[in-house]
Amino acid sequence: MSTEKTDAIVLRVIDFSETSCVVTLFTRDFGKISALAKGARRPKGPFEAALDLLAVCRIVFIHKSTDALDLLTEAKLSRRFRSASKDLSRLYAAYYVSELLKELTEEADPQHDLYDVAEAAIRALDSGAAPARQVLRFEMATLRILGHMPQCNVCVECGKDVFAEAENNGGEKKRIAFGQVAGGVLCKRCRIGQRKVVLVTPNVVKSMRVFADAESDQWRDLNTDSQTMGELRGVLNYYFAALLGRRPRMQPYLNALYTAHG
Ligand SMILES: [Zn+2]
């Protein structure tokens, strides 16, 4: 048993008793944790308003070494998600971020980079940045950090340059096969017999690389037309559904962002 301090994003709050809650938090230093927050449901409880969904707070908790729930002893609000009452599309996008954090991470598996990317995405969604772009950045960074990044350079099966191959096709056929099950782009020969293959424009694959790039901020002003954004959304909808084994609950709410294109 040890007392720990860290920053955390509130992912879920479940009533536990008349006065207490169980909270799921994504913490900067300890990964995802579940903790009992005693007295959290009392009007003047020890956590005040820090335990709202999507709030970022500074917490102190007692880390149990057994299977028992951790015990939250302090939570000080750093930032509340203020857009919640004003703009549903931003709120849904932030819920989606939170859903992916909850579903794709393990308890007590620290992921500093992912925490920073998630916190930045939630902050940006709350402060008026284009939501479609923020969600894409978060999704691609998550895939990269957690080791699920699809192969977006050369054929995932044989290493062939799929961009050159598409270029040689010319005209309408300049599309690249993306294998949802194979986990990346496929050349003409390797796509035969593959399941769940979609044909996308080379721009879609290039954009995925740009949004995943940890070294560059190019994603912020990457010039993407609405067709590319729409196709990207389609590819990632499938990809995340395959990764989770089901469609993310918030996914249907995202599509509107991409027709509006932000
Ligand atoms: Zn190939």
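See the structure printed just above.
Only a predicted model underlies this, so the values are computations on that prediction, with no experimental measurement involved.

Caption draft 1: A look at the environment of L91. Tracing the backbone shows L91 in helix α1 (residues 88-104). With relative accessibility at 8%, the residue L91 sits in the buried group. Put simply, L91 and R41 are 50 residues apart on the chain and 23 Å apart in space, counted from C-alpha to C-alpha. Sequence-distant contacts of L91, defined by excluding residues within four places in its chain, comprise L54, F81 and A84.

Caption draft 2: Here's a closer look at the packing of aromatic side chains. Counted according to the given criterion, the structure contains 5 aromatic pairs. Ring geometry for Y92 versus Y253: centroids 4.5 Å apart, planes at 45°, classification tilted. Here Y253 lies in helix α7 (residues 251-260) and Y92 lies in helix α1, a separation of 161 residues in the sequence. Assessed through its relative accessible area of 23%, Y92 is described here as partly exposed. Ring geometry for F211 against W219: centres 6.3 Å apart, planes inclined by 45°, an arrangement best described as tilted. A single burial state applies to F211 and to W219, both of which are buried.

Caption draft 3: Summary view of unusual backbone geometry. In this structure, A108 takes a positive phi of about 55° despite not being glycine. Assignment of secondary structure puts A108 in the loop between α1 and α2 (112-126). Here K196, not a glycine, exhibits a phi torsion of approximately 50°, which is positive. Among the secondary structure elements, K196 is positioned in the loop between β7 (184-186) and β8 (197-200).

Caption draft 4: Representation of the coordination of the zinc ion in the model. Distances from the zinc ion to its protein donors, namely C155 (SG), C158 (SG), C187 (SG) and C190 (SG), fall within the range 2.3 Å. Note that the zinc ion binds 4 donor atoms; their angles at the metal cover 100 to 117°, and the shape is tetrahedral. Donor residues for the zinc ion sit on one chain with the sequence pattern C-x2-C-x28-C-x2-C. Taken together, the residues span a long stretch of sequence, with C158 in the loop between α3 (131-145) and α4 (162-169) and C187 in the loop between β7 and β8 at a distance of 29 residues. A relative accessible area of 39% places C158 in the partly exposed class. On the basis of relative accessible area, C187 is assigned to the buried category, the value being 1%.

Caption draft 5: Looking closely at the sheet that holds strand β6 (residues 176-179). With antiparallel pairing, 3 strands are arranged side by side in an open sheet as β7-β6-β8. Among the strands making up the open sheet, the edge pair consists of β7 and β8. The sheet shows a mean angle of 40° between the axes of neighbouring strands, direction not considered. Relative to β8, β6 is paired through 4 bridges, and the arrangement is antiparallel. By the bridge assignment, I176 is partnered in β8 with V200. Its contacts with the sheet place helix α6 (residues 226-244) against β6 and β8, and it is angled at close to 160° to β8.

Caption draft 6: Spotlight on the pattern of salt bridges. Scanning the entire structure with this criterion turns up 14 salt bridges. Note that R58 is salt-bridged to D7, the shortest N-O span being 3.2 Å. A residue pair is termed long-range when its members are at least 10 positions apart, and R58 in strand β4 (residues 56-63) and D7 in strand β1 (residues 2-15) qualify at 51 residues. The salt bridge partner of D52 is R80, with a shortest N-O separation of 2.7 Å. Highlighted residues: D52 in the loop between β3 (31-37) and β4 and R80 in the loop between β5 (70-79) and α1, separated in sequence by 28 residues. When salt bridges with common partners are traced through the structure, they connect R79, E119 and R123 into a single cluster.

The rules behind the values
Residues numbered from 1 in each chain as written. Predicted model: local features only at pLDDT ≥ 70, side-chain atom pairs only at ≥ 80, totals over all residues. Heavy atoms only, no water. Helix = DSSP H or I, 4+ residues; strand = E, 2+ residues; numbered from the N terminus. Buried < 20%, exposed > 50% of the residue type's maximum accessible area, 1.4 Å probe, protein only. Contact = heavy atoms within 4.5 Å. Phe/Tyr/Trp six-rings, centres within 6.5 Å; stacked < 30°, edge-to-face > 60°. Donors = N, O, S within 2.8 Å, 3.2 Å for Na, K, Ca; no water. Tetrahedral: all angles 85-135°; square planar, octahedral: opposite > 155°, others 65-115°. Pairing = 2+ DSSP bridges. Axes fitted to C-alpha atoms, helices over the stretch in contact; angles between N-to-C directions. Salt bridge = Lys/Arg side-chain N within 4 Å of Asp/Glu carboxyl O.

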